Amino acid sequence: MLDDRSKLLLKTLVERYIADGQPVGSRTLAKAAGMELSPATIRNVMSDLEELGLIASPHTSAGRIPTARGYRLFVDTMLTVRREDIASPENIKGAGIEAGAQPQRVISHAAQMLSSLSQYVGVVMAPRRASVFRHIEFLSLSDRRVLVILVSPDGDVQNRIIHTQSNFSQSQLQEAANFLNAHYAGLTMEEVRGRLRTEVEALRGEIASLMQAAVDIGAETGASQDEVVVAGERNLLSVSEFSSDMGHLRQLFDLFEQKTQLIRLLDVSSQADGVRIYIGGESHVVPFEDLSVVTAPYEVDGQVVGTLGVIGPQRMPYDRMIQIVDVTAKLVSNALSHKQ
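Given the structure is predicted, the values throughout are model-derived calculations rather than measurements.

Q: Help me understand the sheet that holds strand β3 (residues 121-125), please; the structure alone is not making it clear to me.
A: Strand pairing in a sheet relies on backbone hydrogen bonds. The paired strands run either parallel or antiparallel. Judged by pairing direction, the sheet is antiparallel, and its five strands sit side by side in the order β7-β3-β10-β9-β8 without closing on themselves. A strand with exactly one partner marks an edge of an open sheet, and here the two such strands are β7 (228-231) and β8 (276-279). Shown here is a sheet whose adjacent strand axes are inclined to one another by a mean of 20°, direction ignored. Here four bridges tie β3 to strand β10 (residues 303-313), and the two strands are oriented antiparallel to one another. For Val 124, the partnering residue across the bridge sits in β10 and is Leu 308. Those strands touched by helix α12 (residues 318-336) are β8, β9 (291-300) and β10, and its axis lies near 25° from that of β9.

Q: Can you help me understand the pattern of salt bridges in this one?
A: Opposite charge on two side chains lets them pair, provided their charged atoms get close. The full count for this structure, using the stated rule, is six salt bridges. Between Arg 16 and Asp 20 there is a salt bridge; the shortest N-O distance is 3.0 Å. Here Arg 16 and its partner Asp 20 are both found in helix α1 (residues 4-20), four residues apart, which amounts to about one turn of the helix. Taking relative accessible area as the criterion, Arg 16 reaches 33% and is therefore assigned partly exposed. With a shortest N-O distance of 2.7 Å, Lys 330 and Asp 326 are connected by a salt bridge. Of this pair, Lys 330 and Asp 326 both sit in helix α12, four residues apart, which is roughly one turn of that helix. A relative accessible area of 16% places Asp 326 in the buried class.

Q: How do you make sense of the nonpolar core when you look at a structure like this?
A: Buried together is how nonpolar side chains tend to be arranged in soluble globular proteins. Membership of the largest hydrophobic core comes to 76 residues, with the highest contact counts inside it found for Phe 256, Tyr 318 and Val 332. If one sorts the elements of this core by residue count, α12 sits on top with eleven residues. In this structure Tyr 318 touches Ile 18, Tyr 71, Val 75, Leu 79, Ile 277, Ile 279, Ser 292, Val 294 and Pro 313, once residues within four positions along its chain are discounted. Counting 20 residues, the second largest nonpolar core, distinct from the first, contains Phe 133, Val 146, Val 148 and Leu 210.

So, how was this worked out
Here, residues in each chain are numbered from 1, in the same order as that chain's written sequence. Residue-level local features of this predicted model are given only where pLDDT is at least 70; pairs of side-chain atoms are given and counted only at 80 or more, and the full residue set underlies all totals for whole chains, interfaces and linings. Here the side-chain values reflect all heavy atoms present in the structure, with hydrogen atoms and water set aside. Paired strands are those between which DSSP finds at least two bridges. Elements are defined by DSSP. Helices are runs of H or I of four residues or more, strands are runs of E of two residues or more, and each kind is numbered from the N terminus. Note on definitions: angles span 0 to 180 degrees between N-to-C directions of axes, and those axes are lines fitted to C-alpha atoms, for helices only across the stretch in contact. Every residue pair with non-hydrogen atoms within 4.5 Å of one another is taken to be in contact. Only one rule defines a salt bridge in this text: a Lys or Arg side-chain nitrogen within 4 Å of an Asp or Glu carboxyl oxygen. Relative accessibility under 20% of the residue-type maximum defines a buried residue, over 50% an exposed one, and the middle range a partly exposed one, all with a 1.4 Å probe and only protein chains included. In this description, a nonpolar core means a group of buried Ala, Val, Leu, Ile, Met, Phe, Trp, Tyr and Cys residues linked to one another through side-chain atoms lying within 4.5 Å.

Right, here's the structure in full:
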């Protein structure tokens, strides 16, 4: 536990470093905190904060900078967000995030707006599309393999091979397909999964196992449709923490290009309520130590369907990023729910 003096000095140090980007010395810290303390006293407090792993001393300076742990304590207990600092949703409706627009257009504009307002990278996970099948077929192959053919309502066809524990004749497979088409066609895979849990006792074993395999395929298909829209990667070129190391910068651009880790991060974020802040170096969620990510889920008609956020350096103005992400999430939710 920190006493009030230590908390104030840590808060001041983090705010100064975010604003200036320079390690903060004891003299600067005393002046910025407005406290009548001797340089020796402040040095002692800074030494204690360093021992706690909240600040660190770069080799090139006598000043201190926050660590990931210091940023986390600052964000969780010391951050105040002044709502008047940023435009309200009503004032930025001209950004292209408008009710009735095509979802892909809304998502694209949201990523651009996040990037423009933050001057960092804007990311938006496109809404998950419910995986629905209109028709299913099973085709017997050799060696206990079955080809599953799923046809979506818009005519998209997915083919997957599954391995079964026993051999099925084509007539058995046809019987299973007829049953599933009659009872489950038109439902989402999540709805089918829910009904299977309650109705599995009434189904013959082979039909239940085949349906479970088809549900798993449908779920994988839905997951593969996730798309992350990224805007403003070039903004990182002007961030001193990244621009001084081209190898590191190349790794960041690979992250945005491959998107797999971004999907994992945004997927985790969608399970949280409201704005969340992830600081690199404190967990495996953020893949780079000097990155921070501010995210919020967005909804369609009250149901969370995706996540959006801002990616930038640890040294970002978190109060402003929280407002930007929060406002954008509300705008996207309203637009996709067709609310004026």
